[in-house]
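Inside the fold
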Amino acid sequence: MFRNGVSKLVDNPSDDICPVCKSNRYLNPSLQFLINPECYHKMCSTCVDRIFTSGPAPCPVPHCGKTLRKRGFHKAFFADLAIEREVDVRKRVGAVFNRRHDEFETLLDWNNYLEEVEGLVFDIVEGDVKTRTIAEEKLRMYKEANKGVIEENTRVGLEEGELERRREKAEREAARQRRLAVLREEEEEKADMLKTRQSVLDRLANEDVDANTIAAQAQKIILKKTSARRALKDIPIQSNGSAMDAGLTIRGLKKKEAPAPEKPYDPFGGLDLTPARYVLQDHYENEWLGGAKKDTRHMAGGYSLQEYYARTMFEAFSGLGVFIEDEVTDRNQQPQAVVAPAVETAAAVQAAVSKTKFERNMELDDVF
Amino acid sequence: MKFNIGDLPVLFPYPRIYPEQYAYMCDLKKTLDAGGHCVLEMPSGTGKTVSLLSLIVAYQQYYPEHRKLIYCSRTMSEIEKALAELKALMKYREEQLGHKEEFRGLGLTSRKNLCLHPTVKREKSGAVVDARCRSLTAGFVKEKKSKGEDVPVCIYHDNLDLLEPHNLIPNGVWTLDGLMKYGEEHKQCPYFTSRRMMSFCNVIIYSYHYLLDPKIAERVSKELSKDCIVVFDEAHNIDNVCIESLSTDITEDSLRKATRGAQNLERKITEMKETDADKLKNEYAKLVEGLRDAEEAREEDAFMSNPALPDDLLKEAVPGNIRRAEHFVAFLKRFVEYLKTRMKVRQVISETPPSFLAHLKEYTFIEKKPLRFCAERLTSLVRTLELTNIEDYQALQEVATFATLVATYENGFLLILEPYESDTAEVPNPVLHFTCLDAAIAIKPVFDRFSSVIITSGTISPLEMYPKMLGFTTVVQESYSMTLARRSFLPMIVTRGSDQVAISSGFQVRNEPSVVRNYGNLLTEFSKLTPDGMVVFFPSYLYMESIISMWQGMGILDEVWKYKLILVETPDAQETSLALETYRTACCNGRGAILLCVARGKVSEGIDFDHQYGRTVLCIGVPFQYTESRILKARLEFLRETYRIRENDFLSFDAMRHAAQCLGRVLRGKDDYGIMVLADRRFLKKRNQLPKWIAQAILESEVNLSTDMAVGSAKKFLRGMAQPFKPKDQEGISTWSLRDLEKFKEKQEEESIRQLREGMADAVIGGRVTTEGNGHPPEEDAHEFDDDELEASMMELNDD
Ligand code: SF4
Ligand SMILES: [Zn+2]
Ligand SMILES: [Zn+2]
């Protein structure tokens, strides 16, 4: 175990020594290191107090000389300060480039975007002065140009985080409740057991029955009670689960688009009845009908010649374009596929096809 | 002998068969016919493996589907045993049928056991052998070689390419030794021979891991077809194997190594950019398309193994921010640094993957999605960089695997950070356990993929626990009892010492002198009366040590020493095998010996104490797990919440399966005999959790004994055993000749006809009753139920 400490020292001896005053953590275990994101030079908190309390001062690390303020110092999260710096950069870039996956048309676009951002971060973190300035400039320009989007996305991000936190909390609470319930149940069981045992003893003492029978009966009862309790127990936990689900649905709702307005009811189920092979005219020349047009006896009952035309035409054309032989062979060839009659609407065909597809998929699934 | 089960002719390589073997085969066939899974418990020492093999081979050869058998076992020695049985079976079949069948049976084990390369095989650790082999056999190495570059290769591997790919080794059954010999003669690598021939053989025998560990299974077993018959033998511990295969531990040391690996990668990338930038560009172009495409040229073993990724993920393109090699390495470094920081915390933390991911994102801006791709992305990078010293990147690979797992599974896993090794330790030595809590996750692909999975063992009670824990349904679930012509083993439960003080290894009393002394007396008494070998099991090393030192102080060991040699199992494998050897020698000579070992140690799992090697097995205390372990606690909670298995039920089940394993060690056949002593008060209530064949043999009068009573019974038993016992006595009862079998079948048939007739008669009556309104049987049921209810309520009244 000691080896552990030693090897650490060997690994990186500067880890535990303040580069400014050279105090050592082994001599002063409470030594604390701070950094300032201006230059990421590490020094101990005593040094920080000593140098910067009286106002801004240049960084004491040789060849640095950046002016630092005490306010800017904080503890580093990472031991590797390069990473610390990288993460700070990411924070900055991430606040600006905060597009979301669903804003992109395709996955490829999204991935390209991600790569671009990553490249930018890389330029800032690892690039030389020139690339860095270019990258910073890009960042600034993008920020200017996309203010609205950035704000919107920040808001959405915050909201999501909040929901996530709430969900987690609810889950934790549910788990706690469940745990409590189990404990309670165990307690009850124990108490019950004691009680039953006591009553058995009482009976043994007071009644004149065979001891074995009483014992057996008692055993049975205990078993019964336990199973009853278990059955009971299932219920509250189930409901707990649904409470958790409720939290989830809130989250789901957020993303959902408003449902499309309901279409008016269509008694034909989308079947299109417009004749395909002829166009119904308003008026047909026919001497036989000439009289009927004017005859008040016809008109009085609300009779319309239009209806007569429609029916006649329908009857004349119905059955055209349907070839029984074809349909029979089709049907024999692929029994599952719904044969689409000529009049069938596109939607129905679609449905039929997708249905067959679905069935095929199932078959495929079975194979693997 | 030859007989039929249904329409299936079975050749059984012995002249006699045990009734339970016949029953076992019938149930196996039922399962295979129905195409489902089953759990079968077959008493130890009744020839489980041979029954299994003869039935399945018969099945394969008879039906036109020729379903392949994948037989998984736990240890090398079990694999060897099974191969030997298979070989004998095939020889017998050849003799009986008069011709050699088209048949190939192969075993597979790790490279470490099979390697022939003169220097590689000398490596001590399996991981190093794997890594070194990979660097000799990777695809790009061969490419370089063909270009005329001077790179080291393995001639054993390259020779394989000269052979026909589907006929690397002739038909027949190849034991591991045989395989090695053949490989040496023909200068071809046994490991790869076996692996490549897997899709061309009828029977494969290998270790669980090749199927369960998703990291290995992906590579080794992915070509096996759906109708394969999968057998998990000795499967009582299968849930733990599943869990271990998905759990990882991360230490500070491994993180340091991972950082070094990442730095190496960085260097290599820069190098490659200067010399061969095209390769990186190629990789990049492929990754833009999607992982699967990049994997098209996936060689059999380019790099280390990867955890299973959901298939849809593999088809997706790699996230843009880790597409470039340098971006990805920076990504890894950030992740490793983050882990290092987490390790600095000095209190125990346990969190779920989602909460870990949330924290990770907050501090490092690492998203879940690229994290999921980590392992695959690393594999691709290592291949592109053509790295040869792969062992340097092992730690990094572990971290990447961890990253993938943690981002893939939300449920059933937990992260536990333990900063100190024990509660009393002062110097921190943090370990981040990423533990899988759900055994069903690892085994799910197996159940999904194969239509018949057979789970079997000598001790797998209670049977219903396994389907519950592993999440599958069975068509047959059966535990067989043992038919015996004489009572050849004596299980007893000793609950108190001769002084009537209860004995138990329970935490409160385990160190009380009276209990320890009583255990000591038990040991002394049995060492006096046991001929030859005696095995004693303790719940843990810790307890064993403390009790031994107390016995030493009480002079008990000196007393035992008069009768037997005392040997002790230690955690060190070498020491233990030495102790075992000495033990065996002592059992064959003179007074015999006592082996003190641990119920969860190596001895309890893999070593048989047949005949004189074990006449008594003594289980001191119930072998419960160490319940203070945080990982175990987490798992218990998970089991309770997900599968409704209560803590105590699981702990007790787990303890009893280990106890049963220990007991089973001494009885390895029907002509064997032995005493089994369960010495703990608490066994009294757990008796029904023992396997059926043991539980049935416990007489009601022998469940609550004191030491002196137990000694009496044991003496009587041994006297009985000393009577001459000829194999003839067993005939017709515990072993069947062909004639007995026929007779049994006839009787069975008559029985079934009779039942059928009765059933018909019943149906007629039942039909009439039904028309009257109520079926007869349900009414009775309801009635009975009511009765009980009534009693219960009466009892409650009495309570008041
Ligand atoms: S190919 Fe075979 S023989 Fe060669 S190193 Fe690998 S395991 Fe050993
Ligand atoms: Zn300082
Ligand atoms: Zn500075």
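Note that residues are indexed from 1 along each chain, following the sequence as it is written. To read the labels, note that chains go from A and ligands from 1, taken in the order they are written. In view of the model being predicted, local features appear only for residues whose pLDDT reaches at least 70, and side-chain atom pairs are presented and counted only at 80 or more, with totals across whole chains, interfaces and linings using the full set of residues. Only heavy atoms go into the side-chain values, all of them from the structure, while hydrogens and water stay out.

The next point concerns the overall build of chain B. Only runs of H or I of at least four residues qualify as helices and only runs of E of at least two qualify as strands under DSSP, and these elements are numbered from the N terminus. In terms of regular secondary structure, chain B is built from 35 helices and 21 strands. Taking 2.2 N^0.38 as the reference for a compact globule, 800 residues should give roughly 28 Å; the C-alpha atoms of chain B span a radius of gyration of 30 Å, in line with that estimate. Counting only C-alpha atoms and orienting by the principal axes, one finds that chain B spans roughly 85 × 70 × 70 Å. For the exposure calls, accessible area comes from a 1.4 Å probe over protein chains only, and a residue counts as buried if that area is under 20% of its type's maximum, exposed if over 50%, partly exposed in between. Scored against the burial criterion, the 800 residues of chain B give a buried share of 55%. Whether two residues are in contact is decided by their heavy atoms: any pair within 4.5 Å suffices. The long-range fraction of contacts in chain B, counting pairs at least 24 apart against all pairs at least 6 apart in sequence, stands at 80%. Working definition of accessibility: Shrake-Rupley area with a 1.4 Å probe, residue cover restricted to the visible protein chains. Counting only carbon and sulfur atoms, one obtains 52% of the accessible surface of chain B, whose full area is about 34100 Å². Looking at chain B, you have 103 positive and 119 negative side-chain charges, and the mean spots of the two groups are 5 Å apart. Each radius of gyration is computed over the set of C-alpha atoms, and the globule rule expresses the reference value as 2.2 Å times the number of residues to the power 0.38. Asp and Glu count as negative and Lys and Arg as positive, but His and the ends of the chain are not part of the count. Charge coordinates come from a single atom per side chain, which is NZ of Lys, CZ of Arg, CG of Asp or CD of Glu.

A few words now on the overall build of chain A. Each helix and strand in chain A was counted, giving twelve helices and four strands. Relative to its full complement of 368 residues, chain A shows a buried share of 23%. Of the contacts made within chain A by residues no fewer than 6 positions apart, 51% connect residues no fewer than 24 positions apart. Total accessible area computed for chain A in this model is approximately 26600 Å², and 57% of it derives from carbon and sulfur atoms.

A cluster of nonpolar side chains, Phe268(A), Leu271(A) and Leu273(A), forms an exposed patch at the surface whose accessible area comes to about 300 Å². Secondary-structure assignment places Leu273(A) in the loop between helix H7 (211–255) and helix H8 (287–294). A patch consists of residues whose relative accessible area exceeds 30% and which take part in no salt bridge; residues with like charges are grouped when within 9 Å of each other, and nonpolar side chains (Val, Leu, Ile, Met, Phe, Trp, Tyr) when within 5 Å. Salt bridge, as used here, is a side-chain nitrogen of Lys or Arg placed within 4 Å of a carboxyl oxygen of Asp or Glu.

Residue and element names in this part refer to chain B. We call two strands paired when DSSP finds no fewer than two bridges between them. As summarised here, the arrangement of the eight strands in space is E6-E5-E7-E4-E8-E13-E3-E14, forming an open sheet in which the pairing is parallel. Each having just a single partner strand, strand E6 (172–174) and strand E14 (474–479) make up the two edges of the open sheet. For this sheet, the mean inter-axis angle between neighbouring strands, taken without regard to orientation, is 15 degrees. As paired elements, strand E3 (residues 37–41) and E14 share five bridges and run parallel to each other. The residue of E14 that forms the bridge with Val39 is Gln477. The strands touched by helix H3 (residues 76–97) are strand E4 (69–73), strand E5 (104–108), E6 and strand E7 (203–207); relative to E7, the strand with the most contacts, the crossing angle is about 165 degrees. Orientation is described by lines fitted to C-alpha atoms, with helices fitted over the stretch in contact, and by angles between N-to-C directions that extend from 0 to 180 degrees.

The next thing to look at is the coordination of the zinc ion (ligand 3). All names here are of chain A. Note on donors: an N, O or S atom is included if it sits within 2.8 Å of the metal, or within 3.2 Å for Na, K and Ca, and water is never included, so sites can look incomplete. Within the protein, the zinc ion (ligand 3) binds to Cys39 (SG), His41 (ND1), Cys59 (SG) and Cys64 (SG); these donor distances fall in the range 1.9 to 2.3 Å. Counting residues between consecutive donors of the zinc ion (ligand 3) along the chain gives the motif C-x1-H-x17-C-x4-C. On the basis of relative accessibility, which here comes to 6%, the residue Cys59 falls in the buried class.

Turning next to the UniProt feature "domain: RING-type" (unreviewed entry) in chain A. UniProt positions are given in the numbering used here, feature names are shortened, and annotations may be inferred rather than shown by experiment. Summarizing the sequence annotation, UniProt attributes the feature "domain: RING-type" (unreviewed entry) to residues 18–63 of chain A in the numbering used throughout. Helix and strand shares over residues 18–63 of chain A are 17% and 13% respectively, and the end C-alpha atoms of the span are 17 Å apart.

Detailed reading of the predicted coordinates is not advisable wherever pLDDT falls low. Residue and element names in this part refer to chain B. Values of pLDDT, which run from 0 to 100, indicate the predictor's confidence residue by residue. When pLDDT is averaged along chain B, the result is 86, and 92% of the positions lie at 70 or above. Low pLDDT, under 50, characterises residues 293–306; the stretch is placed with 51 contacts to residues that sit more than four places away or in other chains. A low-confidence stretch, residues 766–800 stays under pLDDT 50, and its non-local contacts, those more than four residues away or across chains, total 21 contacts. Scored as a whole, the predicted complex attains pTM 0.77, and scored at its interfaces, ipTM 0.76.

Turning next to the site of ligand 1. Residues and elements named next belong to chain B. Throughout this document, a residue counts as near a molecule or strand when at least one of its heavy atoms sits within 4 Å of that molecule or strand. If you check the shell around ligand 1, you find Arg111, Cys115, Leu116, His117, Cys133, Thr137, Cys154, Tyr156, His157, Cys189 and Phe192 and nothing else. Within the residue set of the shell around ligand 1, elements represented by two or more residues are helix H5 (126–137) and helix H7 (155–160). Of the residues that constitute the shell around ligand 1, the class distribution is seven nonpolar, three polar and one charged. Each residue receives one of three labels: charged for Asp, Glu, Lys and Arg, nonpolar for Ala, Val, Leu, Ile, Met, Phe, Trp, Tyr, Cys and Pro, and polar for the others, Gly being one of them.

Our focus in this paragraph is the packing of helix H19 (residues 368–385) of chain B against helix H20 (residues 394–408) of chain B. Residue and element names in this part refer to chain B. Viewed as axis vectors pointing N to C, H19 and H20 meet at an angle of 140 degrees, and their least axial separation amounts to 7 Å. Taken together, the axes of H19 and H20 are oblique relative to one another. Here the hand of the crossing between H19 and H20 comes out left-handed. Residue-level contacts link Lys368, Leu371, Arg372, Phe373, Cys374, Ala375 and Leu378 of H19 to Leu396, Gln397, Ala400, Thr401, Ala403, Thr404, Val406, Ala407 and Thr408 of H20. Partitioned by chemical class, the residues of the contact of H19 with H20 number ten nonpolar, four polar and two charged. Angles below 35 degrees are treated as roughly parallel, those above 145 as roughly antiparallel, those between 65 and 115 as roughly perpendicular, and all remaining angles as oblique. In a left-handed crossing the near helix is turned counterclockwise from the far helix by less than a right angle, and in a right-handed crossing that turn is clockwise.

A few words on the sheet that holds strand E18 (residues 593–598) of chain B. All names here are of chain B. In spatial order, the strands read E17-E18-E16-E19-E20-E15-E21; together these seven strands make up an open sheet with parallel pairing. What marks the edges here is a single partner per strand, and that holds for strand E17 (565–568) and strand E21 (705–706). Its contacts with the sheet put helix H29 (residues 647–664) on strand E16 (534–538), strand E19 (616–620) and strand E20 (674–679), and the angle it makes with E19 is roughly 160 degrees.

Looking now at the coordination of the zinc ion (ligand 2). Reference geometry at the metal: tetrahedral coordination by four donors gives ideal angles of 109.5 degrees; octahedral coordination by six donors gives 90 or 180 degrees. Residue and element names in this part refer to chain A. Protein coordination of the zinc ion (ligand 2) is provided by Cys18 (SG), Cys21 (SG), Cys44 (SG) and Cys47 (SG), with donor distances spanning 2.2 to 2.3 Å. Angles of 104 to 117 degrees at the metal separate the four donor atoms of the zinc ion (ligand 2), which places the site in the tetrahedral class. On the basis of relative accessibility, which here comes to 0%, the residue Cys18 falls in the buried class. Irregular is the default label, applied whenever a site is not tetrahedral (four donors, all angles between 85 and 135 degrees) and neither square planar nor octahedral (four or six donors, opposite donors over 155 degrees apart, all other angles between 65 and 115).

Quick look at the environment of Tyr24(B) now. Residues and elements named next belong to chain B. Relative to the helices and strands, Tyr24 resides in helix H1 (residues 19–34). Tyr24 sits in the buried class, given a relative accessible area of 0%. Setting aside residues no more than four positions away along its own chain, Tyr24 makes contact with Leu40, Met42, Lys48, Ser51, Leu52, Thr456 and Tyr480.

Glancing now at the pattern of salt bridges. Overall, the coordinates contain 69 salt bridges over all chains when judged by the stated rule. For the salt bridge of Arg323(B) with Glu115(A), the shortest nitrogen-to-oxygen distance reads 2.7 Å. With one member in each of two chains, Arg323(B) in the loop between helix H16 (311–315) and helix H17 (325–343) and Glu115(A) in helix H4 (residues 107–126) form a pair that bridges those chains. For the residue pair Arg323(B) and Glu115(A), the accessibility class agrees, reading buried in each case. Among the salt bridges present, the one from Glu647(B) reaches Arg640(B), with a minimum N-O distance of 2.7 Å. Looking at Glu647(B), the relative accessible area reads 22%, which means it is partly exposed.

Nonpolar side chains tend toward joint burial in soluble globular proteins. Residue and element names in this part refer to chain B. Residues belong to a common nonpolar core when they are buried Ala, Val, Leu, Ile, Met, Phe, Trp, Tyr or Cys residues joined through side-chain atoms within 4.5 Å. Counting 168 residues, the largest nonpolar core has Phe232 and Ile238 as its most contacted members. Ranked by residues supplied to this core, first place goes to H17 with ten residues. Segmentation into domains, and thus their bounds, comes from an automatic or database assignment. Among the domains, domain 1 (2–109 + 170–245 + 442–479) and domain 2 (247–438) are the pair contributing at least three residues each to this core. Setting aside chain neighbours within four positions, we find Phe232 in contact with Cys72, Tyr208, Leu211, Leu212, Ile238, Ile443, Val446, Val453, Ile454, Ile455 and Thr456.

Okay, the side chain of Lys670(B) next. Checked against the element boundaries, Lys670(B) lands in the loop between H29 and E20. Pairing of N or O atoms within 3.5 Å defines a polar contact, subject to two protein rules: one partner must be a possible hydrogen donor and the other a possible acceptor, and residues neighboring in sequence count only if both atoms are side-chain atoms. At 2.9 Å, the side chain of Lys670(B) forms a polar contact with the backbone oxygen of Ser734(B).

Further remarks concern the UniProt feature "coiled-coil region" (unreviewed entry) in chain A. Mapped onto this structure's residue numbering, the UniProt feature "coiled-coil region" (unreviewed entry) falls at residues 158–203 of chain A. Structurally, residues 158–203 of chain A is divided into 100% helix and 0% strand, and its ends, taken at the C-alpha atoms, are 67 Å apart.

This next bit is on H5(B). Residues and elements named next belong to chain B. A helix's residues, less one, multiplied by 1.5 Å, set its expected span. Between its terminal C-alpha atoms H5 stretches 16 Å, which fits the 16 Å expected from twelve residues at 1.5 Å a residue. What H5 keeps buried is the set Val129, Ala131, Cys133, Arg134, Ser135, Leu136 and Thr137. Looking at the buried side of H5, the elements it contacts are helix H4 (111–114), helix H6 (139–146), H7 and helix H9 (190–196).

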